[in-house]
Amino acid sequence: MSTTGKPPRSRRVPPRRVRSLAIASVAATLAIGLAACSGGPASTNAVGDGKGGSSIETTLAFTLSSGFDPANASSAVATAVNQHIFEGLVDLDPVTREPYRALAKDDPTASADGRTYTVSLRDGAKFSDGTPVTAEDVAWSFTRVLKPADPKTPPLMQGFVSFIDSVDAKDATTVEFTLKYPFALFAERISVIKIVPKAKTADAAAAKAFDTAPIGSGPFKMDSASKESGIKLSRNPNYAGPRPAKVDTMTWNTTTEASARVSDLQGGRVQAIESVPYLNVDALKGKYTVDVKQAFNQVFLMFNSAAAPFSDKRVRQALHHAIDKDAVIKTALNGYGSPATSYLDEGNKDYQKAATVYDYDPEKAKALLAEAGVTNLSFRLDTTDNSVVKDVAPLVIEQWKKVGVNASLNTVPSSAIYGDIVPKDTFRVLMATGDPSVFGVDTDLLMRWFYYGETWPGQRYRWSDANRKAMADLLDKAAQTSDEAARKALWKQALDLAAEEAALYPVLHTKVVTAYDPAKLTGFSGAATTGLYFLGASRSG
(Lines give C-alpha, C1' and ligand atoms only; values in the text may rest on other atoms or scores of the structure.)
Protein backbone atom coordinates (compact mmCIF):
# COMPACT_ATOMS: atom_id res chain seq x y z
CA MET A 1 0.00 0.00 0.00
CA SER A 2 1.64 3.17 -1.15
CA THR A 3 1.28 6.35 0.86
CA THR A 4 2.75 8.53 -1.89
CA GLY A 5 2.11 8.92 -5.59
CA LYS A 6 -0.85 7.44 -7.39
CA PRO A 7 -2.87 5.12 -5.11
CA PRO A 8 -3.25 1.52 -6.21
CA ARG A 9 -6.57 0.18 -7.37
CA SER A 10 -8.87 -1.57 -4.92
CA ARG A 11 -7.60 -5.07 -4.49
CA ARG A 12 -7.74 -8.18 -2.42
CA VAL A 13 -4.69 -9.30 -0.51
CA PRO A 14 -3.37 -12.08 -2.80
CA PRO A 15 -4.90 -15.47 -1.93
CA ARG A 16 -1.61 -16.92 -0.80
CA ARG A 17 -0.38 -13.80 0.93
CA VAL A 18 -1.78 -14.58 4.36
CA ARG A 19 -0.34 -18.06 4.26
CA SER A 20 3.02 -17.04 2.88
CA LEU A 21 3.83 -14.03 5.04
CA ALA A 22 6.59 -15.94 6.79
CA ILE A 23 7.35 -14.64 10.21
CA ALA A 24 10.57 -16.09 11.62
CA SER A 25 10.79 -17.50 15.11
CA VAL A 26 8.98 -15.99 18.58
CA ALA A 27 2.79 -10.08 27.32
CA ALA A 28 3.66 -8.54 29.20
CA THR A 29 7.03 -10.31 29.70
CA LEU A 30 7.39 -14.05 29.38
CA ALA A 31 10.26 -16.24 30.48
CA ILE A 32 12.06 -19.43 29.49
CA GLY A 33 12.82 -21.89 32.30
CA LEU A 34 16.18 -23.50 33.00
CA ALA A 35 17.50 -26.10 35.41
CA ALA A 36 20.65 -28.18 35.51
CA CYS A 37 19.43 -31.32 37.19
CA SER A 38 17.71 -34.54 36.18
CA GLY A 39 15.53 -37.06 37.92
CA GLY A 40 13.47 -35.96 40.89
CA PRO A 41 9.74 -36.15 41.61
CA ALA A 42 6.95 -35.94 39.10
CA SER A 43 4.94 -32.76 38.87
CA THR A 44 2.52 -32.59 41.77
CA ASN A 45 -0.52 -32.46 39.52
CA ALA A 46 0.39 -35.07 36.91
CA VAL A 47 -2.73 -37.10 36.18
CA GLY A 48 -2.24 -38.72 32.78
CA ASP A 49 -1.79 -42.50 32.70
CA GLY A 50 0.41 -42.40 29.57
CA LYS A 51 -1.49 -45.33 28.01
CA GLY A 52 -2.51 -43.56 24.84
CA GLY A 53 -5.94 -43.17 23.32
CA SER A 54 -7.71 -39.98 22.45
CA SER A 55 -5.91 -37.79 24.96
CA ILE A 56 -2.72 -35.79 25.23
CA GLU A 57 -0.93 -35.16 28.50
CA THR A 58 1.84 -32.61 28.89
CA THR A 59 3.75 -30.66 31.52
CA LEU A 60 4.37 -26.94 31.17
CA ALA A 61 7.18 -24.96 32.81
CA PHE A 62 5.01 -22.28 34.39
CA THR A 63 2.04 -22.21 36.71
CA LEU A 64 -1.17 -20.35 35.94
CA SER A 65 -0.77 -16.72 37.00
CA SER A 66 -3.45 -14.79 35.10
CA GLY A 67 -6.92 -15.01 33.67
CA PHE A 68 -7.78 -15.97 30.09
CA ASP A 69 -9.53 -12.93 28.65
CA PRO A 70 -7.48 -12.53 25.45
CA ALA A 71 -7.64 -8.75 25.61
CA ASN A 72 -5.26 -8.85 28.57
CA ALA A 73 -3.89 -12.37 29.03
CA SER A 74 -0.09 -12.43 28.90
CA SER A 75 1.04 -15.22 31.19
CA ALA A 76 2.79 -18.19 29.59
CA VAL A 77 0.06 -20.69 30.47
CA ALA A 78 -2.88 -18.45 29.54
CA THR A 79 -1.46 -17.46 26.16
CA ALA A 80 -0.79 -21.10 25.28
CA VAL A 81 -4.30 -22.14 26.32
CA ASN A 82 -5.83 -19.26 24.38
CA GLN A 83 -4.19 -20.40 21.16
CA HIS A 84 -6.30 -23.57 21.43
CA ILE A 85 -9.64 -22.15 22.58
CA PHE A 86 -9.84 -18.80 20.76
CA GLU A 87 -9.49 -17.68 17.16
CA GLY A 88 -8.70 -14.44 15.44
CA LEU A 89 -9.89 -13.58 11.95
CA VAL A 90 -6.33 -14.47 10.98
CA ASP A 91 -4.08 -16.49 13.27
CA LEU A 92 -0.34 -17.08 13.34
CA ASP A 93 0.74 -20.69 13.42
CA PRO A 94 2.40 -20.96 16.85
CA VAL A 95 5.29 -23.00 15.44
CA THR A 96 5.95 -21.71 11.91
CA ARG A 97 4.63 -18.19 12.72
CA GLU A 98 2.99 -18.07 9.29
CA PRO A 99 -0.45 -16.40 9.09
CA TYR A 100 -3.48 -18.44 8.09
CA ARG A 101 -7.21 -17.73 7.83
CA ALA A 102 -8.99 -18.79 11.00
CA LEU A 103 -12.43 -17.16 11.41
CA ALA A 104 -11.98 -15.27 8.16
CA LYS A 105 -13.60 -16.91 5.15
CA ASP A 106 -11.36 -15.10 2.67
CA ASP A 107 -8.27 -12.96 2.80
CA PRO A 108 -8.91 -9.36 3.90
CA THR A 109 -9.89 -7.07 1.03
CA ALA A 110 -8.30 -3.62 0.97
CA SER A 111 -9.69 -0.39 -0.47
CA ALA A 112 -7.81 1.61 -3.09
CA ASP A 113 -6.25 3.93 -0.51
CA GLY A 114 -5.39 1.12 1.89
CA ARG A 115 -7.42 2.64 4.72
CA THR A 116 -10.40 0.30 4.69
CA TYR A 117 -10.41 -3.49 4.95
CA THR A 118 -13.37 -5.82 4.63
CA VAL A 119 -13.40 -9.33 6.10
CA SER A 120 -16.11 -12.01 5.85
CA LEU A 121 -16.60 -14.74 8.44
CA ARG A 122 -16.36 -18.41 7.55
CA ASP A 123 -19.66 -20.20 7.15
CA GLY A 124 -21.25 -21.70 10.25
CA ALA A 125 -18.68 -20.46 12.77
CA LYS A 126 -19.83 -21.06 16.36
CA PHE A 127 -18.55 -20.56 19.86
CA SER A 128 -18.08 -23.63 22.04
CA ASP A 129 -21.43 -22.99 23.74
CA GLY A 130 -23.15 -23.41 20.37
CA THR A 131 -23.99 -19.75 19.73
CA PRO A 132 -23.01 -18.38 16.30
CA VAL A 133 -20.05 -16.09 15.82
CA THR A 134 -21.36 -12.90 14.26
CA ALA A 135 -19.81 -9.80 12.75
CA GLU A 136 -21.11 -7.94 15.80
CA ASP A 137 -18.97 -10.20 18.02
CA VAL A 138 -15.94 -9.42 15.86
CA ALA A 139 -16.55 -5.68 15.90
CA TRP A 140 -17.05 -5.78 19.66
CA SER A 141 -13.88 -7.80 20.24
CA PHE A 142 -11.82 -5.06 18.58
CA THR A 143 -13.81 -2.12 19.96
CA ARG A 144 -13.48 -3.24 23.59
CA VAL A 145 -9.70 -3.13 23.10
CA LEU A 146 -9.54 0.08 21.08
CA LYS A 147 -12.06 2.04 23.17
CA PRO A 148 -12.30 0.48 26.64
CA ALA A 149 -14.83 1.66 29.21
CA ASP A 150 -11.94 2.94 31.34
CA PRO A 151 -9.40 4.68 29.07
CA LYS A 152 -6.99 4.94 32.02
CA THR A 153 -6.53 1.17 32.03
CA PRO A 154 -6.23 0.19 28.36
CA PRO A 155 -6.20 -3.53 27.53
CA LEU A 156 -2.78 -5.05 26.93
CA MET A 157 -3.48 -5.66 23.24
CA GLN A 158 -4.40 -2.05 22.50
CA GLY A 159 -0.87 -0.97 21.61
CA PHE A 160 -0.63 -3.59 18.88
CA VAL A 161 -3.67 -2.34 16.96
CA SER A 162 -3.41 1.41 17.45
CA PHE A 163 -3.49 1.87 13.65
CA ILE A 164 -7.19 0.89 13.63
CA ASP A 165 -9.67 3.73 13.97
CA SER A 166 -12.91 1.74 14.09
CA VAL A 167 -14.46 -1.65 13.35
CA ASP A 168 -18.08 -2.04 12.26
CA ALA A 169 -20.41 -4.91 11.44
CA LYS A 170 -21.78 -4.31 7.95
CA ASP A 171 -24.09 -7.31 8.11
CA ALA A 172 -24.25 -10.58 10.06
CA THR A 173 -21.07 -11.98 8.53
CA THR A 174 -19.10 -8.99 7.21
CA VAL A 175 -16.80 -6.67 9.15
CA GLU A 176 -15.30 -3.40 7.96
CA PHE A 177 -12.10 -1.94 9.40
CA THR A 178 -11.32 1.76 9.08
CA LEU A 179 -7.63 2.54 9.57
CA LYS A 180 -6.00 5.76 10.73
CA TYR A 181 -3.41 5.23 8.02
CA PRO A 182 -2.47 2.43 5.62
CA PHE A 183 -0.76 -0.35 7.57
CA ALA A 184 1.23 -2.86 5.53
CA LEU A 185 1.12 -5.58 8.21
CA PHE A 186 -2.67 -5.53 8.64
CA ALA A 187 -3.36 -9.16 7.66
CA GLU A 188 -1.07 -10.70 10.26
CA ARG A 189 -1.40 -8.06 12.97
CA ILE A 190 -5.14 -8.53 13.48
CA SER A 191 -4.24 -11.99 14.79
CA VAL A 192 -3.53 -10.42 18.21
CA ILE A 193 -7.25 -9.81 18.74
CA LYS A 194 -9.10 -13.03 19.54
CA ILE A 195 -12.84 -13.03 18.98
CA VAL A 196 -15.06 -13.31 22.05
CA PRO A 197 -18.87 -13.42 22.40
CA LYS A 198 -20.24 -9.94 23.06
CA ALA A 199 -23.00 -11.39 25.20
CA LYS A 200 -20.42 -12.81 27.63
CA THR A 201 -18.15 -9.75 27.84
CA ALA A 202 -20.36 -6.68 27.36
CA ASP A 203 -20.07 -5.32 30.91
CA ALA A 204 -17.53 -5.42 33.72
CA ALA A 205 -19.25 -8.18 35.69
CA ALA A 206 -19.62 -10.42 32.65
CA ALA A 207 -16.03 -9.80 31.58
CA LYS A 208 -14.77 -10.70 35.05
CA ALA A 209 -16.61 -14.03 34.96
CA PHE A 210 -15.41 -14.65 31.40
CA ASP A 211 -11.79 -14.19 32.50
CA THR A 212 -11.97 -17.43 34.50
CA ALA A 213 -14.48 -19.31 32.33
CA PRO A 214 -13.62 -18.36 28.73
CA ILE A 215 -15.66 -19.33 25.69
CA GLY A 216 -14.11 -19.24 22.25
CA SER A 217 -14.55 -20.61 18.76
CA GLY A 218 -11.29 -22.58 18.61
CA PRO A 219 -10.86 -26.35 18.23
CA PHE A 220 -10.80 -26.94 22.00
CA LYS A 221 -12.81 -25.70 24.95
CA MET A 222 -11.51 -25.25 28.47
CA ASP A 223 -13.13 -27.46 31.09
CA SER A 224 -11.18 -26.42 34.18
CA ALA A 225 -8.09 -24.51 35.23
CA SER A 226 -6.23 -23.84 38.44
CA LYS A 227 -2.71 -23.24 39.67
CA GLU A 228 -2.87 -26.45 41.69
CA SER A 229 -4.46 -28.93 39.29
CA GLY A 230 -3.43 -27.56 35.92
CA ILE A 231 -5.60 -27.27 32.83
CA LYS A 232 -8.16 -29.61 31.32
CA LEU A 233 -9.30 -29.12 27.74
CA SER A 234 -11.64 -31.07 25.50
CA ARG A 235 -12.70 -31.08 21.86
CA ASN A 236 -15.04 -28.25 20.86
CA PRO A 237 -17.98 -30.10 19.25
CA ASN A 238 -19.09 -26.96 17.44
CA TYR A 239 -15.79 -26.26 15.70
CA ALA A 240 -15.77 -26.45 11.91
CA GLY A 241 -12.63 -24.52 11.07
CA PRO A 242 -9.32 -25.36 9.37
CA ARG A 243 -7.60 -27.00 12.36
CA PRO A 244 -9.94 -29.48 14.07
CA ALA A 245 -8.89 -31.20 17.29
CA LYS A 246 -7.45 -34.67 16.72
CA VAL A 247 -7.84 -35.83 20.31
CA ASP A 248 -10.84 -35.75 22.62
CA THR A 249 -9.13 -34.34 25.70
CA MET A 250 -5.92 -32.74 26.91
CA THR A 251 -4.47 -32.46 30.40
CA TRP A 252 -1.82 -29.82 30.97
CA ASN A 253 0.16 -30.24 34.17
CA THR A 254 2.15 -27.25 35.39
CA THR A 255 5.33 -26.97 37.45
CA THR A 256 8.32 -24.70 37.66
CA GLU A 257 10.47 -27.66 38.83
CA ALA A 258 12.57 -28.74 35.87
CA SER A 259 13.36 -32.14 37.38
CA ALA A 260 9.63 -32.82 37.74
CA ARG A 261 9.02 -32.13 34.06
CA VAL A 262 11.82 -34.47 33.01
CA SER A 263 10.51 -37.14 35.39
CA ASP A 264 6.99 -36.80 33.96
CA LEU A 265 8.29 -37.46 30.45
CA GLN A 266 10.64 -40.30 31.37
CA GLY A 267 7.99 -41.90 33.54
CA GLY A 268 5.49 -41.93 30.67
CA ARG A 269 2.99 -39.72 32.46
CA VAL A 270 3.11 -37.17 29.66
CA GLN A 271 4.03 -37.13 25.99
CA ALA A 272 5.71 -33.70 25.85
CA ILE A 273 7.38 -31.16 28.12
CA GLU A 274 8.58 -27.61 27.59
CA SER A 275 11.71 -25.86 28.78
CA VAL A 276 13.96 -28.91 28.97
CA PRO A 277 16.92 -28.27 31.30
CA TYR A 278 19.92 -27.65 29.09
CA LEU A 279 22.04 -30.24 30.88
CA ASN A 280 19.37 -32.90 30.29
CA VAL A 281 19.26 -32.52 26.51
CA ASP A 282 21.82 -35.21 25.65
CA ALA A 283 20.29 -37.70 28.07
CA LEU A 284 16.85 -37.32 26.47
CA LYS A 285 18.03 -37.61 22.88
CA GLY A 286 17.42 -40.98 21.30
CA LYS A 287 14.23 -42.17 22.88
CA TYR A 288 12.72 -38.68 22.71
CA THR A 289 12.70 -36.00 20.05
CA VAL A 290 14.37 -32.86 21.35
CA ASP A 291 13.56 -29.65 19.46
CA VAL A 292 16.09 -26.85 19.90
CA LYS A 293 15.06 -23.49 18.44
CA GLN A 294 16.60 -20.07 18.58
CA ALA A 295 14.17 -17.68 20.25
CA PHE A 296 13.65 -13.97 20.56
CA ASN A 297 13.40 -14.42 24.33
CA GLN A 298 16.07 -12.25 25.84
CA VAL A 299 17.90 -11.68 29.08
CA PHE A 300 18.08 -7.89 29.23
CA LEU A 301 19.50 -5.10 31.35
CA MET A 302 17.21 -2.17 32.11
CA PHE A 303 18.39 1.07 33.71
CA ASN A 304 16.72 4.00 35.39
CA SER A 305 17.99 6.33 32.67
CA ALA A 306 16.81 9.40 34.57
CA ALA A 307 19.09 8.70 37.55
CA ALA A 308 22.83 9.40 37.64
CA PRO A 309 25.15 7.88 36.70
CA PHE A 310 22.92 5.69 34.49
CA SER A 311 21.49 8.78 32.85
CA ASP A 312 24.80 8.82 30.93
CA LYS A 313 24.57 6.29 28.12
CA ARG A 314 28.32 5.70 28.32
CA VAL A 315 27.83 4.06 31.72
CA ARG A 316 25.12 1.81 30.32
CA GLN A 317 27.32 0.95 27.35
CA ALA A 318 30.27 0.21 29.61
CA LEU A 319 28.32 -2.35 31.62
CA HIS A 320 27.34 -4.15 28.42
CA HIS A 321 30.91 -4.17 27.06
CA ALA A 322 32.13 -5.62 30.37
CA ILE A 323 30.08 -8.82 29.91
CA ASP A 324 31.73 -11.84 28.27
CA LYS A 325 28.53 -13.11 26.70
CA ASP A 326 30.08 -16.23 25.18
CA ALA A 327 31.38 -17.30 28.58
CA VAL A 328 28.02 -16.60 30.22
CA ILE A 329 26.16 -18.61 27.59
CA LYS A 330 28.59 -21.52 27.85
CA THR A 331 28.48 -21.64 31.65
CA ALA A 332 24.90 -20.68 32.50
CA LEU A 333 23.06 -21.95 29.41
CA ASN A 334 25.33 -24.84 28.43
CA GLY A 335 25.67 -23.15 25.04
CA TYR A 336 21.93 -22.81 24.38
CA GLY A 337 21.85 -19.13 23.57
CA SER A 338 23.42 -16.45 21.40
CA PRO A 339 25.01 -13.07 22.22
CA ALA A 340 22.79 -10.14 21.31
CA THR A 341 23.96 -8.34 18.18
CA SER A 342 20.63 -6.56 17.79
CA TYR A 343 17.37 -6.19 19.65
CA LEU A 344 16.11 -8.91 17.29
CA ASP A 345 17.43 -12.45 17.48
CA GLU A 346 19.37 -13.70 14.48
CA GLY A 347 16.63 -16.20 13.66
CA ASN A 348 14.13 -13.43 12.92
CA LYS A 349 13.46 -12.94 9.22
CA ASP A 350 13.78 -9.17 9.68
CA TYR A 351 17.03 -9.38 11.66
CA GLN A 352 19.47 -6.55 11.07
CA LYS A 353 22.73 -6.23 12.95
CA ALA A 354 22.78 -3.09 15.07
CA ALA A 355 25.33 -0.36 14.42
CA THR A 356 26.40 -0.72 18.07
CA VAL A 357 27.35 -4.25 19.09
CA TYR A 358 28.51 -4.88 22.63
CA ASP A 359 31.41 -7.24 22.10
CA TYR A 360 33.36 -8.22 25.20
CA ASP A 361 35.83 -5.39 25.65
CA PRO A 362 36.77 -4.68 29.29
CA GLU A 363 39.27 -2.00 28.32
CA LYS A 364 36.60 -0.12 26.38
CA ALA A 365 34.27 -0.50 29.36
CA LYS A 366 36.86 1.11 31.62
CA ALA A 367 37.45 3.90 29.12
CA LEU A 368 33.73 4.67 28.83
CA LEU A 369 33.39 4.84 32.61
CA ALA A 370 36.39 7.17 32.77
CA GLU A 371 34.92 9.40 30.05
CA ALA A 372 31.71 9.60 32.05
CA GLY A 373 33.71 10.56 35.16
CA VAL A 374 32.51 7.50 37.04
CA THR A 375 34.76 5.72 39.53
CA ASN A 376 34.09 3.08 42.17
CA LEU A 377 30.61 2.42 40.77
CA SER A 378 28.48 0.40 43.13
CA PHE A 379 24.79 -0.44 42.92
CA ARG A 380 22.15 -3.08 43.59
CA LEU A 381 21.25 -5.34 40.68
CA ASP A 382 17.59 -6.29 40.96
CA THR A 383 16.58 -9.46 39.14
CA THR A 384 13.47 -11.52 38.64
CA ASP A 385 13.47 -15.07 39.97
CA ASN A 386 13.46 -16.59 36.50
CA SER A 387 15.82 -19.58 36.50
CA VAL A 388 17.87 -18.35 33.53
CA VAL A 389 18.37 -14.97 35.16
CA LYS A 390 19.32 -16.59 38.46
CA ASP A 391 22.09 -18.48 36.65
CA VAL A 392 23.27 -15.57 34.52
CA ALA A 393 23.27 -12.72 37.05
CA PRO A 394 26.07 -13.97 39.39
CA LEU A 395 28.38 -14.49 36.40
CA VAL A 396 27.71 -10.98 35.14
CA ILE A 397 28.41 -9.50 38.58
CA GLU A 398 31.76 -11.29 38.70
CA GLN A 399 32.69 -9.92 35.27
CA TRP A 400 31.74 -6.38 36.27
CA LYS A 401 34.21 -6.62 39.15
CA LYS A 402 37.00 -6.92 36.59
CA VAL A 403 36.31 -3.36 35.43
CA GLY A 404 35.97 -1.96 38.94
CA VAL A 405 32.18 -2.15 39.23
CA ASN A 406 30.56 -3.74 42.25
CA ALA A 407 26.95 -4.89 42.29
CA SER A 408 24.97 -6.64 45.00
CA LEU A 409 22.25 -9.09 43.98
CA ASN A 410 18.58 -8.77 44.88
CA THR A 411 16.33 -11.50 43.43
CA VAL A 412 12.56 -11.32 43.87
CA PRO A 413 9.47 -12.48 41.91
CA SER A 414 8.45 -10.52 38.80
CA SER A 415 5.31 -9.23 40.52
CA ALA A 416 7.45 -7.54 43.16
CA ILE A 417 9.94 -6.22 40.60
CA TYR A 418 7.38 -4.42 38.47
CA GLY A 419 4.87 -3.71 41.20
CA ASP A 420 7.17 -2.37 43.91
CA ILE A 421 10.86 -2.02 43.03
CA VAL A 422 10.95 -0.52 39.53
CA PRO A 423 8.33 2.21 40.19
CA LYS A 424 10.36 3.65 43.09
CA ASP A 425 12.90 6.44 42.65
CA THR A 426 15.51 4.20 44.29
CA PHE A 427 15.47 1.76 41.38
CA ARG A 428 18.68 1.69 39.32
CA VAL A 429 19.40 -1.54 37.36
CA LEU A 430 17.32 -4.61 36.50
CA MET A 431 18.14 -7.93 34.85
CA ALA A 432 15.11 -9.86 33.62
CA THR A 433 13.74 -11.81 30.67
CA GLY A 434 11.20 -10.70 28.09
CA ASP A 435 9.46 -12.32 25.13
CA PRO A 436 6.55 -10.53 23.42
CA SER A 437 7.14 -12.75 20.37
CA VAL A 438 4.34 -15.02 21.59
CA PHE A 439 2.02 -12.38 20.04
CA GLY A 440 3.95 -12.03 16.78
CA VAL A 441 7.47 -11.60 15.48
CA ASP A 442 7.38 -8.66 13.10
CA THR A 443 9.76 -5.87 14.06
CA ASP A 444 7.00 -3.32 14.59
CA LEU A 445 5.22 -5.46 17.18
CA LEU A 446 8.38 -6.50 19.00
CA MET A 447 9.77 -2.97 19.24
CA ARG A 448 6.49 -1.40 20.30
CA TRP A 449 6.38 -3.73 23.30
CA PHE A 450 9.47 -2.27 24.98
CA TYR A 451 10.09 1.04 23.20
CA TYR A 452 6.69 2.61 22.52
CA GLY A 453 4.03 4.05 24.76
CA GLU A 454 4.16 4.77 28.46
CA THR A 455 4.61 1.54 30.39
CA TRP A 456 8.20 0.57 29.57
CA PRO A 457 9.99 3.70 28.24
CA GLY A 458 8.06 6.14 30.39
CA GLN A 459 7.34 4.47 33.71
CA ARG A 460 10.02 1.80 33.89
CA TYR A 461 13.29 2.91 32.34
CA ARG A 462 12.40 6.62 32.28
CA TRP A 463 13.71 7.32 28.80
CA SER A 464 14.10 10.96 27.81
CA ASP A 465 11.26 12.64 25.95
CA ALA A 466 13.57 13.23 22.99
CA ASN A 467 14.47 9.56 22.66
CA ARG A 468 10.87 8.45 23.12
CA LYS A 469 9.71 10.82 20.41
CA ALA A 470 12.51 9.79 18.04
CA MET A 471 11.64 6.10 18.46
CA ALA A 472 7.90 6.68 18.13
CA ASP A 473 8.40 8.72 14.98
CA LEU A 474 10.54 5.99 13.40
CA LEU A 475 8.10 3.21 14.23
CA ASP A 476 5.05 5.18 13.16
CA LYS A 477 6.68 6.22 9.90
CA ALA A 478 7.72 2.62 9.19
CA ALA A 479 4.21 1.40 9.95
CA GLN A 480 2.76 3.77 7.38
CA THR A 481 5.02 2.91 4.46
CA SER A 482 4.16 0.17 2.01
CA ASP A 483 7.66 0.02 0.54
CA GLU A 484 9.37 -2.94 2.19
CA ALA A 485 12.90 -1.64 1.69
CA ALA A 486 12.01 1.77 3.09
CA ARG A 487 10.24 0.18 6.05
CA LYS A 488 13.24 -2.01 6.79
CA ALA A 489 15.55 1.02 6.60
CA LEU A 490 13.42 2.83 9.18
CA TRP A 491 13.41 -0.24 11.39
CA LYS A 492 17.21 -0.29 11.13
CA GLN A 493 17.32 3.26 12.49
CA ALA A 494 15.04 2.20 15.35
CA LEU A 495 17.19 -0.85 16.11
CA ASP A 496 20.32 1.30 16.08
CA LEU A 497 18.74 3.84 18.44
CA ALA A 498 17.77 1.11 20.90
CA ALA A 499 21.28 -0.36 20.77
CA GLU A 500 23.16 2.91 21.17
CA GLU A 501 21.01 4.12 24.05
CA ALA A 502 20.91 0.73 25.83
CA ALA A 503 18.29 1.97 28.30
CA LEU A 504 16.70 -1.48 27.93
CA TYR A 505 18.73 -3.86 25.82
CA PRO A 506 19.39 -7.61 25.56
CA VAL A 507 22.54 -9.28 26.78
CA LEU A 508 21.63 -12.52 25.04
CA HIS A 509 18.85 -14.42 23.31
CA THR A 510 18.05 -17.89 24.60
CA LYS A 511 17.23 -21.08 22.78
CA VAL A 512 14.02 -22.94 23.54
CA VAL A 513 14.23 -26.69 24.10
CA THR A 514 11.15 -28.93 23.89
CA ALA A 515 11.07 -32.72 24.23
CA TYR A 516 8.38 -35.20 23.24
CA ASP A 517 7.86 -38.93 22.73
CA PRO A 518 7.56 -39.56 18.95
CA ALA A 519 6.15 -43.03 19.60
CA LYS A 520 3.13 -41.49 21.33
CA LEU A 521 2.67 -38.12 19.67
CA THR A 522 2.41 -37.22 15.98
CA GLY A 523 1.95 -33.93 14.20
CA PHE A 524 3.69 -32.05 17.01
CA SER A 525 6.69 -29.73 17.04
CA GLY A 526 8.22 -27.45 19.64
CA ALA A 527 7.74 -23.69 19.30
CA ALA A 528 10.38 -20.97 19.51
CA THR A 529 8.60 -19.36 22.44
CA THR A 530 7.00 -20.30 25.73
CA GLY A 531 4.16 -22.80 25.74
CA LEU A 532 3.29 -26.03 23.97
CA TYR A 533 0.89 -26.11 21.04
CA PHE A 534 -1.09 -29.13 19.88
CA LEU A 535 -3.06 -27.79 16.90
CA GLY A 536 -3.06 -30.74 14.51
CA ALA A 537 -1.34 -33.10 16.96
CA SER A 538 -2.66 -36.57 17.75
CA ARG A 539 -1.83 -39.61 19.87
CA SER A 540 -0.14 -42.53 18.14
CA GLY A 541 0.40 -44.87 21.04
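Above this note sits the structure.
**Description of the pattern of salt bridges**
And step 1. Enumeration according to the criterion identifies 29 salt bridges in this entry.
And step 2. The closest approach of N and O atoms between Asp442 and Arg189, which form a salt bridge, is 2.6 Å. Here the residue Asp442 occupies a position in the loop between strand S17 (429-434) and helix H14 (443-451), and Arg189 occupies one in helix H4 (residues 186-189), the gap between them amounting to 253 residues.
And step 3. Note on Asp442: relative accessible area 5%, which makes it buried.
And step 4. In this structure, Arg448 engages Asp444 in a salt bridge whose closest nitrogen and oxygen atoms are separated by 2.9 Å.

**Some details on the packing of aromatic side chains**
And step 1. Counting across every chain of the model gives 27 aromatic pairs.
And step 2. Arranged with centres 6.0 Å apart and planes meeting at 70°, the rings of Tyr358 and Tyr505 form a pair that is edge-to-face. Remark: Tyr505 occurs in strand S18 (residues 504-516) and Tyr358 occurs in the loop between strand S14 (337-339) and helix H11 (362-371); sequence separation between them is 147 residues.
And step 3. Residue Tyr358 is classed as buried on the basis of its relative accessible area, which comes to 4%.
And step 4. When the ring of Phe524 is compared with that of Phe534, the centres are 5.0 Å apart and the planes differ by 20°; the resulting orientation is stacked. Taken together, the residues Phe524 in the loop between strand S19 (521-522) and strand S20 (538-539) and Phe534 in the loop between S19 and S20 connect sequence positions ten residues apart. Grouping residues by exposure puts Phe524 and Phe534 together as buried.
And step 5. Ring pairing ties together the aromatic residues Phe296, Phe300, Tyr343, Tyr418, Phe450, Tyr451, Trp456, Tyr461 and Trp463, which thus form one cluster.

**Observations regarding unusual backbone geometry**
And step 1. Here the bond from Ala308 into Pro309 is cis, since omega is 0°, no more than 30 degrees from zero.
And step 2. By secondary structure assignment, the location of Pro309 is in the loop between strand S13 (289-303) and helix H9 (313-321).
And step 3. In this structure, Ser275 takes a positive phi of about 50° despite not being glycine.
And step 4. Among the structural elements, Ser275 can be located in the loop between strand S12 (272-273) and helix H8 (281-284).
And step 5. Its identity is not glycine, yet Asn376 carries a phi of approximately 50°, on the positive side.
And step 6. Looking at the element boundaries, Asn376 is found in the loop between H11 and strand S15 (378-383).
And step 7. With relative accessibility at 69%, the residue Asn376 sits in the exposed group.

**With respect to the nonpolar core**
And step 1. Grouped together as the largest cluster of nonpolar side chains are 112 residues, with contacts concentrated most on Leu89, Phe142, Phe177, Tyr343, Tyr451 and Phe534.
And step 2. Listed in part, the 47 residues of the second largest apolar core include Tyr288, Phe310, Leu369 and Val405.

Calculation criteria
Residues numbered from 1 in each chain as written. Predicted model: local features only at pLDDT ≥ 70, side-chain atom pairs only at ≥ 80, totals over all residues. Heavy atoms only, no water. Salt bridge = Lys/Arg side-chain N within 4 Å of Asp/Glu carboxyl O. Helix = DSSP H or I, 4+ residues; strand = E, 2+ residues; numbered from the N terminus. Buried < 20%, exposed > 50% of the residue type's maximum accessible area, 1.4 Å probe, protein only. Phe/Tyr/Trp six-rings, centres within 6.5 Å; stacked < 30°, edge-to-face > 60°. Core = buried A, V, L, I, M, F, W, Y, C linked by side-chain atoms within 4.5 Å.

Note that every value here comes from positions in space, so none of it alone points to a role or purpose.
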